[in-house]
Amino acid sequence: MKLYLKTKDYSFSKQEFDLMWDESKDMLITHPVPENLETFYEGDNYISHTDSNKSFVDLLYQRIKAMNLSNKLQLIENQGYKNKNILDIGAGTGDFLNLARTKGFKVSGVEPSDKARDKAKQKGIDLEHNLNHISSSKYDVITLWHVLEHLPDLKNQIEKISYLLDEDGILVVAVPNFRSWDAKHYGKFWAAYDVPRHLWHFSKRSIELLFKEQQMKIKTIMPMRFDAFYVSLLSEKYKRNPFYLLSAFFKGLWSNVDAIRTKEYSSLIYVLEKEKT
């Protein structure tokens, strides 16, 4: 592996990290991984473990999150999966599963953060601490919304996920795309690197190869266009740009325009299925 980029944890510890490029899979790996990694999720800035709306950025995140929830569920229903059993890995405070339950899905979820699980429980969603606590029953739909990049021991985690997926089910994975225009533009300031919480940084090629090892293939790929704006907003703040709002809007817009040609959007949703034998 070779050094791709040096960056740092702008939102919490300010510690520096290297991104190492695995050429064989076209993915980046965060190095080093802190022994106390769980402490990097404890800051108030880690919004996905809270329902915070204190700041403008918090409010924007919650607004985009609410808009995305129905879109995520519609995506699954458009694949022909309605009123099925669904497992959400990295379920956060449970909002996606809460909505899925109201639409007739039988819901299960995993979330390692005690704080986030408590928030979910207040909404009537009981989450398991990790995948080892999930029963051996098969799921029609398994989702990881910006979660795969956080999972340690990636190969074994993908193997477990594949085992839990029904032969006719679908796996939905949303991850940032380090091959996007905004990633290249912002470089070390690109907020979606989010080191060291993001252990892995994926391209389309890396997703294809990682899941091929578990006899799974990509069925379709879809963009998450809002992500370019939100990531640009955070990236501009990391650069200490006093005009970050205006700049982020135009950078996010240009990233999406550029992706019309390249298909390399800031974040991508992959729908995967098991290969038929």
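See the structure printed just above.
The present account deals with the structure reproduced in this document.

Reading guide: rules and limits
Residues numbered from 1 in each chain as written. Predicted model: local features only at pLDDT ≥ 70, side-chain atom pairs only at ≥ 80, totals over all residues. Heavy atoms only, no water. Pairing = 2+ DSSP bridges. Helix = DSSP H or I, 4+ residues; strand = E, 2+ residues; numbered from the N terminus. Buried < 20%, exposed > 50% of the residue type's maximum accessible area, 1.4 Å probe, protein only. Arc of directions from axis to C-beta. Right-handed = clockwise from strand over helix to strand, strands pointing away.

**Some details on the sheet that holds strand 1 (residues 2–8)**
Consider a sheet: its strands pair through backbone hydrogen bonds, and that pairing is either parallel or antiparallel.
Logical step 1: Taken in spatial order, the four strands of this open sheet run 1-2-3-8, and their pairing is antiparallel. Every interior strand has two partners, whereas the edge strands, strand 1 and strand 8 (200–201), have only one.
Logical step 2: Sheet topology note: the strand 3 (residues 27–31)/strand 8 ladder contains two bridges and is antiparallel. Pairing of Ile-29 across the sheet is with Trp-200, part of strand 8.

**What about helix 3 (residues 114–122)?**
Logical step 1: Among the residues of helix 3, those classed as buried are Ala-116, Arg-117 and Ala-120. The buried side chains of helix 3 occupy one side of the element, clustering within an arc of 100° when seen end-on. Residues of helix 3 that are exposed and angled more than 90 degrees away from the buried face: Lys-121 and Gln-122.
Logical step 2: Directly after helix 3, the chain includes Gly-124, whose backbone phi takes a positive value near 85°.

**Comments concerning the pairing of strand 5 (residues 106–110)**
Logical step 1: Of the pairings in the sheet, the one linking strand 4 (residues 85–89) to strand 5 comprises five bridges and is parallel in character. The partner of Asn-85 across the bridge, within strand 5, is Lys-106.
Logical step 2: Remark: the strand 4/helix 2 (residues 95–102)/strand 5 crossover connection has right-handed handedness.

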